Every structure is written in structure tokens, then in C-alpha cells.
Amino acid sequence: MTVNVGWIGLGLIGKPMARRLVNAGFPVTIWNRTASKADDMVGEGARLAPTAREAAAAADVLFTCVSDPPALEAVLWGADGALAGLRKGSILIDSSTVSPGLARRVAAACAERGAKFLEAPITGGTWGAEKGELVFLMGGEAATLDRARPVLDHLGKRFFLLGPHGAGQTIKLAMNLIYALEVQALAESLALVNGAGFGSERLLEVLASSMGRAPVLDVKAPMMTSDNYAPSFPLRLMHKDLGLALDLSNQLGVALPATAAARETYSAVKGQSTEDVDYAAVRRFWRR
Ligand code: NA7
């Protein structure tokens, strides 16, 4: 049976994901706030819907992948939003990183319309999206995941069903704060070494042979040493995720002092950036 896919959000990560489904032969109906960003995909065989609502109405499985909580609220509940078109019996899969509370609200809204919801934030960056090797951190029901697997298998290599709605976003935020702190720690230690007049290479060489050895050295250190911050995961989105983690920590009464400090660094660099940069650009905090 043909599975009709709907896709809302053709950003840095959303577009390569949607493209994989077009290339896999699914009928894919797309919608993006800025319609011109869909032009290339229409040329590749996707159908452009005039509204998010119509993209939803065409879908057995509808994906959303947008920047932040206000964007998700806009595409779901806004004028001609997707929820108004969502079919009974369909599945909504949201791969945006948003708050656990919003994920629960979306799940409730889907249930009211007789649809299923999978909370499905991702890790793996644009590279993972292009290769279909994303890791999904999910909340929802196992039976819904089983139904969605024939589509999801084209996008990811691991699917962690972590608990009820809210679990996927909670663990995604906890994971991203580790990435943000690791990158900040690397930038800080480089600043210390450079400030003392020594080259970055010596520190990186020693770290690679020590307990400090970590994949961040392979992925982010080259960006820092070459000052090339073409975004794989944009700093503005990491800044958003640190804010979401701090909001959650406030709700729970759990102190996150290192995260709070790091958010200030990310805020400062975000405020000074005129172009879209990777979060490795936090290094610029010490380069002023
Ligand atoms: P991008 O490249 O920043 O793309 C964001 C997408 O969200 C893009 O399609 C935007 O449309 C859309 N967007 C943003 N704000 C709105 C509003 N208000 N209404 C409708 N659509 C909106 O993000 P990525 O693809 O890298 O990442 C997506 C998610 O995955 C994000 O949560 C990450 O943290 C993880 P536009 O093209 O600007 O019109």
C-alpha cells in the first residue's frame, strides 16, 4: 500500500530528510513558510501544497521539522495550520527540538483528531540527514513507531523509544547540553593555550592521546583551528536548545549552573554573528 508523506519545514536538516523520501519513491507533499525553498524539490518530484493544512490533508504520515517552539505552534495551530487538515488514523512525526511540554500538547491535539503522534527529535546533523543515518530520540507508543518504520527507516539508523511523550525531547535537551559544554570546554582550553603563546595543534595532539579524547575533537576542532564555521548544526539552534534546557530545569527545580554559564557565551556570540554559523563558532568569544 502506498504511504503518502507530508513534509513541513525545508531547513538545513528538514530538506535533506524530505529529499531522501522523494528519492525513495514515496509520494511527498511539501510545504515551507518560504515557498521558494521548495523549488528544487518540486523539480525532483515533490508536490508543493499551498498551505500546511493541505500538506497534512494529503498525508498518511506527516512530518514537521521546524526551528523552535513558536515555529511548531505556527505550523500546527496557525492560520491554515496542519492540525486542521490532519487525517484521522494518520501519524504526525515531529523532528523539531522543542520543549517536552509542547510535545505533550501536540500529542493531545493529535489524539483529539484521532491521529497518532511520535515525538522524534534527531541527532546527526546535516551529514546524518543526507545519508539517512540520523539517530531518533523518541516519545510515544511502540505500535505507532512500528507503523511508521517503513518510512523512518529511510531517514535513520537508530530509533530510541525512550518513554511517553516528553521523554524524547527531555533526553535530546540533556544530550545537547553535553555537546554545547564540550564545545565550549574545547574553545576555552584552546583560548588558554593560545593566550600563553602556544599553538592549538599541540593541545589537540595531546588530547587525542588522553582521557580527553572525544569525537568533538574530530568534528569541531578542525572548524575552530581553520575559523571555518559553515553550519552543520547552527549556533542559533544550540542557543535555543540551551534555553529550553534551562526552562525545563527551572520547572523541575534542578540546578544547571554550567549550562547557564555556557548560554551566556553562546548568547554573546549569537548577538555578534551576522551570518549563520555552526556552534563551534563559540570559539569567537575568545577571539574578540
Ligand atoms: P533551519 O535550517 O533553521 O530551518 C527552520 C525551518 O523552520 C524552516 O523551514 C523555516 O521556514 C521554518 N520556520 C521557522 N520559523 C517558522 C515559523 N514561524 N512558521 C513557519 N515555519 C517556520 O532548521 P533545521 O532544519 O536545521 O532544524 C530543524 C529542527 O531540527 C530544529 O528544531 C533543530 O533544533 C533540529 P523558512 O524557510 O525560514 O521560511
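Note that the coordinates shown come from a computational prediction; the quantities given were computed from them, not determined experimentally. (Residues numbered from 1 in each chain as written. Predicted model: local features only at pLDDT ≥ 70, side-chain atom pairs only at ≥ 80, totals over all residues. Heavy atoms only, no water.)

Let's shift gears to the packing of aromatic side chains. Applying the stated criterion to the full structure yields four aromatic pairs. On the basis of an interplanar angle of 75° and a centroid distance of 4.9 Å, the ring pair of F285 and W286 is categorised as edge-to-face. Owing to a relative accessible area of 25%, F285 belongs among the partly exposed residues under this scheme. Sitting above the plane of the F233 ring, K172 keeps its charged end 5.8 Å from the centroid. (Phe/Tyr/Trp six-rings, centres within 6.5 Å; stacked < 30°, edge-to-face > 60°. Buried < 20%, exposed > 50% of the residue type's maximum accessible area, 1.4 Å probe, protein only. Lys NZ or Arg CZ within 6 Å of the ring centre and 35° of its normal.)

Attention now goes to helix α4 (residues 69-77). Among the residues of α4, those classed as buried are P69, A71, L72, V75 and L76. Viewed along the axis of α4, the buried residues span an arc of 160°, placing them on a single side of the element. At the N-terminal boundary of α4, the capping side chain belongs to D68, with an oxygen 3.0 Å from the backbone nitrogen of A71. (Helix = DSSP H or I, 4+ residues; strand = E, 2+ residues; numbered from the N terminus. Arc of directions from axis to C-beta. Polar contact = N/O pair within 3.5 Å; in protein donor to acceptor, adjacent residues only side chain to side chain.)

Taken together, 23 residues lie near the ligand, and L12, N32, T34, K37 and K240 sit nearest. At a separation of 2.9 Å, an oxygen atom of the ligand approaches a polar backbone atom of S67. Contact distances for the ligand include 2.9 Å between an oxygen atom and a backbone N or O atom of T97. When the residues that make up the shell around the ligand are grouped by side-chain class, the tally is 10 nonpolar, nine polar and four charged. (Near = heavy atom within 4 Å. Nonpolar A, V, L, I, M, F, W, Y, C, P; charged D, E, K, R; others polar.)

Right, let's get into the pairing of strand β9 (residues 156-161). Sheet topology note: the strand β8 (residues 134-138)/β9 ladder contains five bridges and is parallel. From the neighbouring strand, L134 faces β9, where its bridge partner is G156. Where the polypeptide runs from β8 across helix α7 (residues 142-152) and back to β9, its parallel neighbour, the crossover connection is right-handed. (Pairing = 2+ DSSP bridges. Right-handed = clockwise from strand over helix to strand, strands pointing away.)

Counting through the fold element by element, S96 comes out in the loop between β5 (91-94) and α5 (100-112). A polar contact is formed between the side chain of S96 and the backbone nitrogen of V66, at a distance of 2.9 Å. Those residues within four positions of S96 in sequence are excluded, and the remaining contacts are T64, C65, V66, L72, P121 and Q169. (Contact = heavy atoms within 4.5 Å.)

Here we come to the environment of L237. Looking at the element boundaries, L237 is found in helix α12 (residues 235-252). Judged by relative accessible area, which is 17%, L237 ranks as buried. Sequence-wise, L237 and M41 are 196 residues apart; in three dimensions their C-alpha atoms are separated by 24 Å.

This part takes up the domain arrangement of the protein chain. Interface size is commonly expressed as the accessible surface area that is lost when the partners come together. The domain architecture assigned to the protein chain consists of domain 1 (5-163) and domain 2 (169-287). Computed from C-alpha atoms alone, the centre-to-centre distance between domain 1 and domain 2 is 28 Å. With 19 residues of domain 1 at the contact, the number on the domain 2 side is 16 residues. Taken together, the two surfaces of domain 1 and domain 2 that pack against each other cover about 1400 Å², and 64% of this comes from carbon and sulfur. Summed over the three residues of domain 1 that lose the most area to domain 2, namely L12, T97 and P100, the buried surface amounts to 33% of that side. (Domains from an automatic or database assignment. Buried area = accessible area lost by both parts, 1.4 Å probe.)

Moving on, we get to unusual backbone geometry. Negative phi characterises most residues that are not glycine, and trans characterises most peptide bonds. Of note in this structure, D80 is not a glycine but carries a positive phi near 55°. In the Ramachandran plot, D227 falls in the positive-phi region, its phi being about 60° despite a non-glycine side chain. Along the polypeptide, D227 turns up in the loop between α11 (221-226) and α12. Since its relative accessible area comes to 40%, D227 is described here as partly exposed.

Tracing the chain through its elements places V61 in strand β4 (residues 61-64). Apart from residues lying up to four places away in sequence, V61 is in contact with V3, N4, V5, G6, I91, I93 and V151.

Glancing now at the side chain of K240. With respect to the secondary-structure elements, K240 resides in helix α12. Exposure remark for K240: the relative accessible area of 14% places this residue in the buried category. Polar contacts involving the side chain of K240 include one to the main-chain carbonyl oxygen of S67, which spans 2.9 Å. If near-sequence neighbours (up to four positions away) are discounted, K240 is found in contact with S67, D68, P69 and T97.

Attention now goes to the pairing of β4. Burial of β4 is two-sided: the residues V61 and F63 facing one way and the residues L62 and T64 facing the other way are all buried. Taken together, the four bridges between β4 and β5 define a ladder with parallel strand orientation. Looking at the pairing, F63 lines up with I93 of β5. The handedness of the β4 to β5 crossover, carried by α4, is right-handed.

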